[in-house]
Amino acid sequence: MSEHTTSTVCSANCGGRSLLRCTVRDGRLVKVEPGAFPDPRYTAACVRCLTLPQWVYSEDRIPSPMRRTGRRGDGQAGDGFEPISWDEALDEVAGRLRRLVDQHGAASIAFTRTSGSSMLGNYSRLAALLGPTRNFYGGVDMAVHMGLNSTLGYKGMFGQHANEWPDRVHSDVIVVWGNNPAETSMTSMRFLLDARDAGSQLVVVDPRYSATAMHANWWVAPRPGTDLALMLGLLHVVIADGLVDREFAIRHTVAPLLVRADDGRYLRMRDVEPGGSNGYCVWDPVAGRAAAATDPPAPGHAGAVEVPIDGTFRAAGIEVTPAFELLRRLVAEHPPERVESETGVPAADVRDLAVAIATAGATMIGFGYGVDRYLHGDLVTRAGATLAALTGQIGRPGAGVGVQSHGGGFREVMLGPGPPLPRGATTESVPNIVVGQRPLDVRALFCQGDWLNQRVADMNVLKDFVAGLEFVVTVDHFWQTTAQWSDIVLPASTFLEATSPVRDVVTSRNSVLVRRKVIDPVGGSRPDADIERDLAQRLGLGEWFTDSPEDVVRSMIDESPDPALAGVTYDDVMAAGGALRIDGPEAPHVQYADLRFPTPTRRVQFYLEELVELGEALPVHRADHEASATHAAATRFPLVLIQSHVRQRAHSTFFNTPWTLQVWPEPTIELNPDDAARRGLSTGDVARAFNDRGRVVAKVVTNPDYPPGMCNVSEGWKQHQYLDGNVQELTAARINPVHELLWTHANLPFFDTRVEVEGVTS
Amino acid sequence: MTRLGMVVDLDRCIGCWGCAVACTMENSVGLGLWWQRIVTVGGPSIDTSAGVFPDVHKHYEVRNCAHCADAPCLPACPTDAIVQRADGIVQIVEDRCTGCRDCIPACPYGAIEMNEHEPVLPHGLEGGHGAAAVRPRRAGVVEKCTFCVHRVDEGLDPACVVACPTHAITFGDVHDPASDVARSAARGDAYRLDVESGADPSVWFLPASTALTQRRSGSAG
């Protein structure tokens, strides 16, 4: 018997990046434990990583390359497929892709990817060189970042807004909003519990009683999809009750910047002075005219007189109003009594929460992706960032605002770019197109993972689209829904398997983490890097794939431009066990501690002039989304359907691990007991959730954690696990034009879904 | 004298089953059996609350062998297959177990599992997984939590303690007043299950007090 341990980094898309100590006995992965993280505060693993030994040897693994023999989409888990050799499969894929490029151009092929299989970075070089259609369907988790980015100025997606998790202990009040780390980011939940046990007030805003809400000092439960109304009510109270930190607002937000009444644009100096600059303006109350807003912002007092943020003025004949005054007028329409009628949160509690946020020594507002899954997720985080900034609760230990996902909030570390690409080839994303809504000459799909099950809404429309394509190839570990709709299926090794000593490198939690080989490829699978190289060679692009994964990782570390990695080499990281802390302060990272906000105005920008035409220059109230009680669909489909994220899966990864399937064996439709009783349903009955787009059939669980009018089918089950249908048949692919303007990218509103539920008699 | 014990802080338990899966992996527990499980204290189904929205309540309780000081399973065993070490760990001696099941109802905690058939182990890991020192049991014998005795003897915490992502489980010598586990067990609100049975269990719980005192703002209307 031989036995050794190797550490690697989890690759599942919870964002957690746990360091895993893997025990390999006689070549088999037999145990996974938390590995010793370079920063011991992050030594942890969750139930998902613990099932990796089952996951990697699952019976669902695709045993060899496969060619479809039956009808596309028929059957389950490999029915209607025949095994073929790797050479045959790669020749066929390369040949089909080459013909499509020659006859219809590279844009006739769409590359799609999910986080559930392969490494996200794989096939991006091939895509960059081929130039296919990419990102052609829309994303998820992006609207909340669009809202924060546009307000706070961060330039990357999925970015750094929240303070680092261990900073929570410095917060007097922590508002966890639409975020359920107890069930989604279990290794980060500890930091909330530590803070609560040290005396922070933990407030959880969630329409349902989640495992995180269960541990809160205060659970605030707005009706689903009414987060924006609640946020506007909080802003109302803060402004009406004089709780604004005016000094902070004047110095660091757009509060004093003058906005033109005629066109909604910020007033510029050139508007009031011939030959004036393009600079923004404030009102000089002494001189009685518009004056240049200094950049960086000057102290809030021009001499002894405060720059006004209220009122309306005339500058060079133009009526102008400070942005704060516009916001004040907006939120004046959202008193707590109105908010109560919309959200169900009592007016007195809206007041109390606003006061708690504004008056605490330090308040952290941490969002999750629950608020992202509605059409106007960006407005919620815009209003939230505005609330934090106007109360001065940002940029200090314990104070901040942002998405507190697993993956963000740390010091950022830049790795080197890796091997070069030819001029013009780019791995950057490109604007998206949504199937059925834009002209689209896509004839083939190259899918990584279970795109059809996980990354599209309105699944029946998408099935029709896929059924009509000329060619579909899927790279995956397991037989999943999309593989079943493919012509050729290529079995990829998981992140644990490799033919080289390392697979890739990531940075997270202030550390450089190398993903090392743990075991040899399982069954007939091959690592993605090998598949990508072999395809590229067949497409005449082999010259761009001469570096081994180890060469790439070495160059990315050794050629990092980041001062925090100055002098650090690949060999150093490997000598440290594949995980090395960067050179940086011990104290938890505080985002925006320098109070520099890289927006166009260099301020927290709650007024976005580019959205004037779309009516959303301010975070206005919107109730046109499907979950809204006033939506036309509400009478026929009275229940809002969410898809909770669950402990045992990261999206759909780990859908097939028997240890957790013993605990949570099948999809269920959860709903309030009164809603169930009205439909004659009890726990264990089989029911159908349906709307005009589709249906899903599953067992009912009655649960008072959900308010009346809301139901849940957790995300990430596979086609064969439902009794019938699929929860993604029910969702809508509605595009918000604001998202396209802010980020050239649509965001799918998966929770913005109405259904009716009825019993099914077998 | 050493008395090994465990304190589970239910105010930090999130019901993730990480402890139970780590236990299963470490000890090659077959599918269908659990040495440790998480009970939802609330509604009748897993993860559901009791009560009426928004006045609902649930919390999680971790259950495993309590390694009782006066363990009722010991005298219940007709073949002396259940033994107790000086440090309190209660063990089943597989060779002596006849599978009579007399111990199962004697346990107040439902902690003893019967191997009705050969253990069902995951695809590809049929030879067992986890610790090399712990081999899968055979059909016809009972099994249960050992406090990971093979780890304890190497100075390590049990697998469940290491795996818990919220640090809800503390393990050690409850007779050592300087230990974390002794301090937690001595807390005024610490309690044990079914003490009236006289078993003198070595697993303590700290109550899920936040859930009981929390403020709620919502409406069922």
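What you are looking at is a predicted structure, and each value in this text was computed from that prediction instead of being measured.

Draft legend 1. Quick look at the overall build of chain B. Looking only at helices and strands, chain B has seven helices and twelve strands in total. Whereas a compact globule of 221 residues would reach a radius of gyration of roughly 17 Å, chain B reaches 18 Å, a difference of no more than 12%. The C-alpha extent of chain B, read off along each of the three principal axes, is 60 × 45 × 30 Å. Every one of the 221 residues in chain B was classed for burial, and the buried ones make up 50%. At a minimum sequence separation of 6, the contacts of chain B that also span at least 24 residues come to 61%.

Draft legend 2. Highlighting the overall build of chain A. Helices and strands together make up the secondary structure of chain A, namely 23 helices and 32 strands. The C-alpha atoms of chain A give 27 Å as radius of gyration, which agrees with the globular expectation for 762 residues (27 Å, within 12%). Here the C-alpha coordinates of chain A stretch approximately 80 × 70 × 55 Å along the principal axes. The proportion of buried residues among the 762 residues of chain A is 60%.

Draft legend 3. Representation of the sheet that holds strand S4 (residues 66–68) of chain A. Residues and elements named next belong to chain A. Taken together, seven strands build an open sheet; the order of strands is S5-S4-S22-S21-S20-S6-S7 and the sheet is mixed. Either end of the sheet is taken by a strand with one partner, and the two such strands are strand S5 (81–83) and strand S7 (133–134). Where strand S20 (residues 444–448) and strand S21 (residues 471–476) come together, five bridges link them in parallel fashion. Bridging across to S21, Leu445 finds its partner in Val472. Sheet contacts for helix H3 (residues 86–104): strand S6 (109–113), S20, S21 and strand S22 (488–491); angle to S22, the most-contacted strand, approximately 125°.

Draft legend 4. Structural view of the sheet that holds strand S16 (residues 313–315) of chain A. Residues and elements named next belong to chain A. Spatially, the three strands line up as an open sheet ordered S11-S17-S16, and their pairing is antiparallel. The open sheet has two free edges, formed respectively by strand S11 (258–260) and S16, since each of these has just one partner strand. Direction aside, neighbouring strands of the sheet carry axes that sit 45° apart on average. Examined bridge by bridge, S16 and strand S17 (residues 318–322) share three bridges and lie antiparallel to one another. Pairing of Phe313 across the sheet is with Val320, part of S17.

Draft legend 5. Fine view of the packing of H3 of chain A against helix H18 (residues 528–538) of chain A. Residue and element names in this part refer to chain A. At a closest axis distance of 9 Å, the pairing of H3 and H18 adopts a crossing angle of 55°. As summarised for this structure, H3 and H18 are arranged oblique, according to the angle between their axes. Seen along the crossing, H3 lies across H18 with a hand that is right-handed. Counted together, Leu90, Asp91, Val93 and Ala94 of H3 and Asp534, Leu535 and Arg538 of H18 form the full contact between these two elements. Looking at the contact of H3 with H18 residue by residue, the classes come out as four nonpolar, no polar and three charged.

Draft legend 6. Up close: the pairing of S6 of chain A. Residue and element names in this part refer to chain A. The buried fraction of S6 amounts to five of the five residues, a majority that puts the element mostly inside the structure. By the alternation rule, side chains of S6 split into Ile109, Phe111 and Arg113 and Ala110 and Thr112, which are all buried. When S6 meets S20, the two strands line up parallel, connected through five bridges. Looking across to S20, one finds that Thr112 is bridged to Cys447. Looking at chain direction, S6 and S7 are connected through two bridges and run parallel.

Draft legend 7. Focus on H3 of chain A. All names here are of chain A. Spanning 19 residues, H3 covers 26 Å between terminal C-alpha atoms, matching the ideal 27 Å at 1.5 Å per step. Every buried residue of H3 is listed here: Ala89, Leu90, Val93, Leu97 and Leu100. Each buried residue of H3 sits inside an arc of 100° when the element is viewed along its axis, so together they form one side. Away from its buried face by more than 90 degrees, H3 exposes Asp87, Gly95, Asp102 and Gln103. On the buried face of H3, the contacting elements are S6, S20, S21, S22 and H18. Downstream of H3 by a residue or two, Gly105 has a phi angle that is positive, lying close to 85°.

Draft legend 8. Spotlight on the interface of chain A and chain B. If you look at the interface, chain A gives 53 residues, while chain B gives 46 residues. For the side of chain A that touches chain B, the elements supplying multiple residues, two or more each, are strand S3 (28–34), helix H1 (47–50), helix H2 (52–56), helix H7 (186–197), strand S10 (218–221) and helix H21 (658–661) of chain A. Note that S10 of chain A and strand S12 (residues 215–218) of chain B share four bridges and pair parallel. From the neighbouring strand, Ala221 of chain A faces S12 of chain B, where its bridge partner is Gly218 of chain B.

Draft legend 9. Quick look at the nonpolar core. Residue and element names in this part refer to chain A. Counting residues in each nonpolar core, the largest one holds 296 residues, and the members touching the most others are Val203 and Leu234. Ranked by residues supplied to this core, first place goes to helix H8 (residues 227–240) with ten residues. With residues up to four places along the chain from it excluded, the contact list for Val203 reads Val173, Ile174, Val175, Val176, Ala216, Asn217, Trp218, Val220 and Leu353.

Draft legend 10. Highlighting the confidence of the model for chain B. Looking at chain B, pLDDT values average 96 and 100% of them are 70 or higher. Across the predicted assembly, pTM comes out at 0.96 and ipTM at 0.97.

Draft legend 11. How the structure looks around the packing of helix H12 (residues 336–343) of chain A against helix H13 (residues 347–359) of chain A. Residues and elements named next belong to chain A. Between H12 and H13, the least distance of the axes is 8 Å, while the angle of their chain directions is 110°. If you check the angle between H12 and H13, you find them roughly perpendicular. Pair H12 / H13 crosses with right-handed handedness. Taken together, the residues of H13 that come into contact with H12 (itself represented by Pro336, Glu337, Val339 and Glu340) are Ala347, Val350 and Arg351.

Draft legend 12. Representation of the environment of Cys13 of chain B within the structure. All names here are of chain B. Inspection of the secondary structure puts Cys13 in the loop between strand S1 (4–9) and helix H1 (18–26). Separated by 153 residues in sequence, Cys13 and Thr166 place their C-alpha atoms 6.9 Å apart. Leaving out residues up to four positions away in the same chain, Cys13 has contacts with Val8, Tyr60, Val62, Thr166 and Ala168.

Draft legend 13. Layout of H1 of chain B. Residues and elements named next belong to chain B. The buried fraction of H1 is high, at nine of nine residues. Of the residues making up H1, those classed as buried are Gly18, Cys19, Ala20, Val21, Ala22, Cys23, Thr24, Met25 and Glu26. After H1 finishes, the residue Ser28 shows a positive phi value of roughly 50°.

Draft legend 14. Structural detail: the environment of Tyr42 of chain A. All names here are of chain A. One can find Tyr42 in the loop between S3 and H1. Residues Tyr42 and Pro598, spaced 556 residues apart in sequence, show a C-alpha to C-alpha distance of 30 Å. The contact partners of Tyr42, leaving out residues within four places of it in the chain, are Phe37 and Arg509.

Draft legend 15. Local environment of the environment of Arg754 of chain A. Among the secondary structure elements, Arg754 of chain A is positioned in strand S32 (residues 754–759). Beyond its immediate sequence surroundings of up to four residues, Arg754 of chain A is in contact with Glu626, Ala627, His631, Ala633, Ala634, Phe637, Leu639, Val640, Leu641 and Asn691 of chain A.

Draft legend 16. Expanded view of unusual backbone geometry. With omega at -5°, the peptide bond leading from Phe53 of chain B into Pro54 of chain B counts as cis. Residue position: Pro54 of chain B is located in the loop between strand S3 (50–52) and strand S4 (55–57). In the Ramachandran plot, Phe654 of chain A falls in the positive-phi region, its phi being about 80° despite a non-glycine side chain. Relative to the helices and strands, Phe654 of chain A resides in the loop between strand S26 (639–642) and H21. Backbone geometry places Cys148 of chain B, a non-glycine residue, at a positive phi of 50°. By secondary structure assignment, the location of Cys148 of chain B is in the loop between strand S9 (142–143) and helix H4 (149–152). For Cys148 of chain B, a count of 27 C-beta atoms within 10 Å translates into the label buried.

Definitions and cut-offs
- Residues numbered from 1 in each chain as written.
- Chains lettered and ligands numbered in written order.
- Predicted model: local features only at pLDDT ≥ 70, side-chain atom pairs only at ≥ 80, totals over all residues.
- Helix = DSSP H or I, 4+ residues; strand = E, 2+ residues; numbered from the N terminus.
- Rg over C-alpha atoms; globule rule 2.2 N^0.38 Å.
- Buried ≥ 20, exposed ≤ 12 C-beta atoms within 10 Å, placed from the backbone.
- Contact = placed C-beta atoms within 7 Å.
- Pairing = 2+ DSSP bridges.
- Axes fitted to C-alpha atoms, helices over the stretch in contact; angles between N-to-C directions.
- Parallel < 35°, antiparallel > 145°, perpendicular 65-115°, else oblique.
- Left-handed = near helix turned anticlockwise from the far one by under 90°.
- Nonpolar A, V, L, I, M, F, W, Y, C, P; charged D, E, K, R; others polar.
- Expected span 1.5 Å × (residues − 1).
- Arc of directions from axis to C-beta.
- Core = buried A, V, L, I, M, F, W, Y, C linked by C-beta atoms within 7 Å.
- pLDDT = per-residue confidence, 0-100.

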